[in-house]
Every structure is written in C-alpha cells, then in structure tokens.
Amino acid sequence: IWLNADKLSEYDYWQFWRNTSDEDVIRFLKLFTELPLEEISKLEKLEGSAINQAKVVLADEATAMLHGRDCLAQIHETVENMFKGAGESTDGLPRIFVSESDLEGDGKRFLDLFLELELATSKKDARRLISGGGAKLGNEKIQDENAALTMADFDGKTEVVLRAGKKRAGVVELK
C-alpha cells in the first residue's frame, strides 16, 4: 500500500482499511490508530454486520492520520454515492483526462483506460476483468475486451465512471 496520494488516492487508501477482515479490525484499530482503548473496547463488542461500523472507524482514523480529516467528508460522500445510490459525486475517485481527439475514430480502448486508472495491473488483468463481467462503464457491463470509449459514451456529460468490481472505480473526464 502506498502512503503517497500521488501513488494511491485518499479514497483508495480509505477503502484499503475499510476492506479489513472481520478478524483483524480490532487488532488494527489498536495498532494503526490513536483511538483510546476504551473506545476500541466498545467497538470490540460489535457482532455480525455491525462490525462494519468498526471498519469505517478504522478507515477514517487511519486515513485521517495520513491525509488529514479534511478528506473524509469527500470520501464518505463518494462511498454514499457509489454504494448506496445517493447521488452522482465522483470527486473522491481516481481520475484521468482525455481529449475529444483521443476518442475520435475507434476511441480509446477500455483495456488502456483500466490500466491508466490503475483499476487493473496489466492488460491481461483488464481482459480477465472484462471477461468475468466485473468491468462496467457506469452501470453497464463492458462485454467486449476490444471495446473502446468514444464520445458517444459521454452522452453530453463531461465524465464517465469505469468500475472494476463492486468496490473500485475511476473517472474518465474530458479536458
């Protein structure tokens, strides 16, 4: 995991901690946060899906220590929008810029976009993501690994969201 925001966005750093396993969350709260042990003891009593509250606390505290508390509001808004369908803010997501000329003709291949957004580690990984049904443009599955993003995909907007699985996403924005 990168500590530099240029290498790993604040949102992705937060998501790393949020995805901690149930078994590790209390231990990580003790090791990687400055929360008082009394507060951690209260979180330790959570069971079942309520343990997710402790994971959010872990993610918030670890992210605040590295990036400051100011970024948390934007991260929470992004999480709310992505996973609970509350709106359309993409401010906390990793983002790349393309020009209209990049999208002319056949467009820019999704394989390349997933790599640029670091949603895939290689073209092989991106192909696997697409063939497995985990790659989406907005909420539509990308079916063809040779498909490309074109101006028509923007549908009059200035940005589109690419998703890799349920928890990772990035934005392609027109410049």
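Located above this text is the structure these notes cover.
A quick note: this is a predicted structure, and the numbers were derived from the prediction, not measured. (Residues numbered from 1 in each chain as written. Predicted model: local features only at pLDDT ≥ 70, side-chain atom pairs only at ≥ 80, totals over all residues. Heavy atoms only, no water.)

Student: So what's going on with the packing of helix 1 (residues 10–18) against helix 4 (residues 51–67)? Residues and values would help.
Tutor: Across the interface, helix 1 lies against helix 4 with an axial gap of 8 Å and an inter-helix angle of 140°. Comparing their axes, helix 4 and helix 1 come out oblique. Viewed along their axes, helix 1 and helix 4 form a crossing whose handedness is right-handed. Contacts from Glu10, Tyr13, Trp14, Trp17 and Arg18 of helix 1 reach helix 4 at Asn52, Lys55, Val56, Leu58, Ala59, Asp60, Ala62, Thr63, Leu66 and His67. A per-class count over the contact of helix 1 with helix 4 returns eight nonpolar, three polar and four charged. (Axes fitted to C-alpha atoms, helices over the stretch in contact; angles between N-to-C directions. Helix = DSSP H or I, 4+ residues; strand = E, 2+ residues; numbered from the N terminus. Parallel < 35°, antiparallel > 145°, perpendicular 65-115°, else oblique. Left-handed = near helix turned anticlockwise from the far one by under 90°. Contact = heavy atoms within 4.5 Å. Nonpolar A, V, L, I, M, F, W, Y, C, P; charged D, E, K, R; others polar.)

Student: Explain the sheet that holds strand 6 (residues 159–164) to me, and be specific about the residues and the numbers.
Tutor: With mixed pairing, five strands are arranged side by side in an open sheet as 1-7-6-3-4. Strands at the two margins of the open sheet, each flanked by one partner only, are strand 1 (95–98) and strand 4 (140–141). The pairing of strand 6 with strand 7 (residues 168–174) spans six bridges and is antiparallel. Paired with Ala164 across the strands is Arg168, a residue of strand 7. (Pairing = 2+ DSSP bridges.)

Student: Go over the environment of Val160 with me, naming the residues and quoting the values.
Tutor: Along the chain, the position of Val160 falls in strand 6. Taking the relative accessible area as the measure of exposure, Val160 reaches 10% and is therefore buried. Distance in space between the C-alpha atoms of Val160 and Asp112 is 15 Å, their sequence separation being 48 residues. (Buried < 20%, exposed > 50% of the residue type's maximum accessible area, 1.4 Å probe, protein only.)

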